[in-house]
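Results of the structural survey
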Amino acid sequence: LVEITSSQVPSEGLFDYIALFFGEFIRECEESGCEDVRQDSVRGSRIHVAFTFSFPTIQTHIGSARLVRWTKGLETGEDTSDPVVGRDVGELLNAAFRRNCVPAYCVCIINDTVGTLLSALYDLRSSASMSRPEMLTRDPASCPEALSPKNSSELNCSISSLSDQSQAFVGIVVGTGANACYMEPEASSLGYKGMIINTECGDFYSPKLPSTDCDLVLDWHSDNRGQQRLEKMISGTYLGEIARLMAVNLLKQETPPPLFERGVLHTEHISVIAQHLDDDPNDVSFLVGFLQGSFSASFTPQTALTIAHISTMVITRAARLVSVLITAFAKRLCKTAHSSLTVAVDGSVWCKSLFFQRQVRNCLH
């Protein structure tokens, strides 16, 4: 995957990869007896596809979106005569389907929050036959997940019938980036053409956000300075770097040399550290061993413990901000104390950090 996102790879390389991957997925569905795919296959029909594409685009039609610029480190086609930037990604995908004889057709371009919400709706529909409807429960490694903040009158999240239009739905992604969408019950009266509203809430900023000097430094050195301020406080691209900046500020001359390098501390690192500190606060030897193994440098027990506490604070703040987002949607959508709110959550931070999940749930309880 890293190779096809290189600036030296033409657009055909990326979209052929996507098309072939989807072709393999279709074959697996046919073999597993998926009825919807089987019927299309028997009729010789092309499967209609919603293409999740979470990059800045200009969308003039539901199935047409022109890429404005790459973000999140992708550069496919930048140094070739076959770029992606400036072109319709829906057309590029359909061309790849045709080249590779994949029986599929892209009918709409959506972002990952909408994809998460639609995926959850499909799962909820599949579970509607349960005799006692309950919120879906899943293995933490399986996403997207329906989030159920229990013991809250305002966030009573048991599944109601999907035909019940009072049911409110929200889709949230906390991964490389952060964003949310929701189903707006008053969409038509507000002038929207559709019911699912993409909020782009990662770009939210307010002086009331709990920003620190480290957040300002991170924003200053980012490639989109002044933008996506909320996202920079909660998404996986930035949490590790925030923790690193805080560690340097606090440890000063006692900072282990590797931590002076920008981007060296990843969200995966601080997730493991925070999780272990939460599970066993007295096992400092694991923290020392993990840090020394990750950075090939010496870490004293006190330094390791300091970094662990910083990691915990950074992830906890991110989780609390996500819980604020969910609460804001609840206040917008849940008109009575007995309203139901179903939140579908996806993204690497949510899926890979049990500590983050637990903090979000704790806040909502």
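None of the values given here were measured: they were computed from a predicted structure.

Grouped together as the largest cluster of nonpolar side chains are 64 residues, with contacts concentrated most on Ile 234, Leu 341 and Phe 356. Here this core gets 15 residues from one element, more than from any other, and that element is helix α10 (residues 301-333). Counting residues in each nonpolar core, the second largest holds 23 residues, with Ile 47, Phe 53, Leu 92 and Ala 96 among its members.

A separate point is the pairing of strand β2 (residues 57-61). Where β2 meets strand β3 (residues 64-67), four bridges bridge the pair, whose relative direction is antiparallel. Note on β3: the bridge partner recorded for Gln 59 is Ala 65. Here β2 folds back onto β3 in antiparallel fashion, the turn holding two residues.

Direction vectors running N to C along helix α1 (residues 11-32) and helix α3 (residues 89-99) enclose 65°, while the axes themselves pass 8 Å from each other. The handedness of the crossing between α1 and α3 comes out as right-handed. Each of Ser 11, Glu 12, Phe 15, Asp 16, Ile 18, Ala 19 and Phe 22 in α1 lies in contact with α3, whose residues at this interface are Val 89, Leu 92, Leu 93, Ala 96, Phe 97 and Arg 99. Its residues placed into classes, the contact of α1 with α3 shows nine nonpolar, one polar and three charged.

Attention now goes to helix α8 (residues 267-279). The terminal C-alpha atoms of α8, which comprises 13 residues, lie 18 Å apart, in line with the 18 Å expected from a rise of 1.5 Å per residue. Looking only at α8, the buried set comprises Thr 267, His 269, Ile 270, Ser 271, Ile 273, Ala 274, Gln 275, His 276 and Leu 277. Check the buried side of α8 and you find it contacts α7 (236-251), α9 (284-295), α10, α11 (348-352) and α12 (354-364).

Helices that pack against each other are described as a pair by the angle of their axes relative to one another and the distance between those axes. Remark: α9 packs on α10, axes separated minimally by 9 Å, with the N-to-C direction vectors making an angle of 90°. Viewed along their axes, α9 and α10 adopt a mutual orientation that is roughly perpendicular. Each of Val 284, Leu 287, Val 288 and Leu 291 in α9 lies in contact with α10, whose residues at this interface are Pro 301, Ala 304, Leu 305, Ile 307 and Ala 308. Split into classes, the residues belonging to the contact of α9 with α10 amount to nine nonpolar, no polar and no charged.

Okay, the confidence of the model for the protein next. On average, residues of the protein score 84 in pLDDT, and 84% of them reach the 70 mark or higher. Overall, residues 129-143 carries pLDDT values under 50, and its contacts beyond four positions in sequence, including any with other chains, amount to 26 contacts. Segment residues 148-166 is flagged for pLDDT under 50; beyond a separation of four residues in sequence, or across chains, it makes 37 contacts in the model.

As a further point, take unusual backbone geometry. For Cys 101, which is not a glycine, the phi torsion comes out positive at approximately 55°. Relative to the helices and strands, Cys 101 is located in the loop between α3 and β4 (104-110). Accessibility expressed as a relative area gives 69% for Cys 101, which makes it exposed. Phi at Glu 200 takes a positive value of approximately 50°, unusual for a residue other than glycine. Residue position: Glu 200 is located in the loop between β8 (196-198) and α5 (213-221).

Reading the values: the criteria
Residues numbered from 1 in each chain as written. Predicted model: local features only at pLDDT ≥ 70, side-chain atom pairs only at ≥ 80, totals over all residues. Heavy atoms only, no water. Core = buried A, V, L, I, M, F, W, Y, C linked by side-chain atoms within 4.5 Å. Buried < 20%, exposed > 50% of the residue type's maximum accessible area, 1.4 Å probe, protein only. Helix = DSSP H or I, 4+ residues; strand = E, 2+ residues; numbered from the N terminus. Pairing = 2+ DSSP bridges. Axes fitted to C-alpha atoms, helices over the stretch in contact; angles between N-to-C directions. Left-handed = near helix turned anticlockwise from the far one by under 90°. Contact = heavy atoms within 4.5 Å. Nonpolar A, V, L, I, M, F, W, Y, C, P; charged D, E, K, R; others polar. Expected span 1.5 Å × (residues − 1). Parallel < 35°, antiparallel > 145°, perpendicular 65-115°, else oblique. pLDDT = per-residue confidence, 0-100.

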